[in-house]
Amino acid sequence: SAFSNGRKLYMSINNEPKIYVYTMGMGLWHIEAEEMMRWGFVFKNDLYFVTSNGLLKQSENFHNNWSVTLCDITENDIRQKGINDIFIRTKNFENSSIYVFVATNDDDFRLCGMTDSPGNYTFRVPVRFIKGDKYKIKISGEGSSYIKDIQRSFYIGGAAYTRKG
C-alpha cells in the first residue's frame, strides 16, 4: 500500500514489515518504521499509519532519525595503490545532526565525524591508513539534512585522481 501527504510518499512493499519513505524535495529514500503499513492518513498535522499491529502515530513536526548506507566502494584497477580520502559534502538545517561512519572489509562501523551545526559541512573520511579491499560508508542523522556530493581521491602508480558520485 502507498499514500502521500504532498511532501513525502509512504509505502510498504510485498508484505515486507517496513514503511519506506521518499522525500520528494530532496529525492531521498529512508525507512520510517519496521512495521507493515496497511494504509495511512494525515489528521490535524499528525501522520498516522494503520499497521498489522494497530495504529502508529508520527507527528509531522517530529524530527525523524534517518540513515543511509552506501554500497561497497572498490576500484577494479590492479595498479591502484589505494583510496586516499573520501569527502562527503552535506547541508544541515536547524535542530539537526549528521554522523558519518566507515567500515572496512565487513568490519563494524566506526564514527569518523559529526556535526549538529546548521549550514554546509564537509566530512573527510581518511581511509589512507586503513588497509582494505572495500570500504562502506554509513551516514545517519536526526532532522533535516542532505548529502550534496561524495568525492573519492585515490592514487594509481603515483598519480592522483578524483572521482565524484
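Bear in mind the structure is a predicted one, so any value in this text is a computation, not a measurement. (Residues numbered from 1 in each chain as written. Predicted model: local features only at pLDDT ≥ 70, side-chain atom pairs only at ≥ 80, totals over all residues. Heavy atoms only, no water.)

1. Some points on the confidence of the model for the protein chain
Any segment with low pLDDT has predicted coordinates that should not be analysed in fine detail. Taken over all residues, the pLDDT of the protein chain has a mean of 76, while the share at 70 or more is 74%. Across the protein chain, the element-wise mean pLDDT spans from 64 in strand E15 (residues 159-164) up to 90 in strand E12 (residues 119-125). (pLDDT = per-residue confidence, 0-100. Helix = DSSP H or I, 4+ residues; strand = E, 2+ residues; numbered from the N terminus.)

2. Some points on the packing of aromatic side chains
Counted according to the given criterion, the structure contains three aromatic pairs. Taking 5.1 Å as the distance between ring centres and 45 degrees as the angle between the ring planes, the aromatic pair formed by tyrosine 22 and tryptophan 29 counts as tilted. Looking at tryptophan 29, the relative accessible area reads 45%, which means it is partly exposed. Measuring from centroid to centroid gives 6.2 Å for phenylalanine 93 and tyrosine 146, while their planes differ by 40 degrees, and the two rings are tilted. (Phe/Tyr/Trp six-rings, centres within 6.5 Å; stacked < 30°, edge-to-face > 60°. Buried < 20%, exposed > 50% of the residue type's maximum accessible area, 1.4 Å probe, protein only.)

3. A closer look at the sheet that holds strand E2 (residues 8-11)
In space, the four strands of this open sheet follow the order E1-E2-E3-E4, with antiparallel pairing throughout. Strand pairing shows two members of the sheet lacking a second neighbour, strand E1 (2-4) and strand E4 (28-33), which therefore form its edges. Ignoring which end each strand starts from, the neighbouring axes of this sheet average 25 degrees apart. Here four bridges tie E2 to strand E3 (residues 19-23), and the two strands are oriented antiparallel to one another. From the neighbouring strand, lysine 8 faces E3, where its bridge partner is threonine 23. (Pairing = 2+ DSSP bridges. Axes fitted to C-alpha atoms, helices over the stretch in contact; angles between N-to-C directions.)

4. As for the environment of glutamate 142
Of note, glutamate 142 is situated in strand E13 (residues 135-142). Measuring from C-alpha to C-alpha, the distance between glutamate 142 and serine 96 comes to 5.3 Å, with 46 residues separating the pair along the chain.

5. Brief notes about the nonpolar core
Grouped together as the largest cluster of nonpolar side chains are 13 residues, with contacts concentrated most on Ile86, Ile88, Val100, Val125, Ile137 and Ile139. Every element with two or more residues in this core is listed here: strand E9 (80-92), strand E10 (97-104), E12 and E13. Not counting residues within four places of it along the chain, the set of residues in contact with valine 125 comprises Asp85, Ile86, Ile88, Val100, Val102, Cys112 and Ile137. Core analysis: the second largest hydrophobic core is formed by nine residues, Ile19, Val21, Ala33 and Met37 among them. (Core = buried A, V, L, I, M, F, W, Y, C linked by side-chain atoms within 4.5 Å. Contact = heavy atoms within 4.5 Å.)

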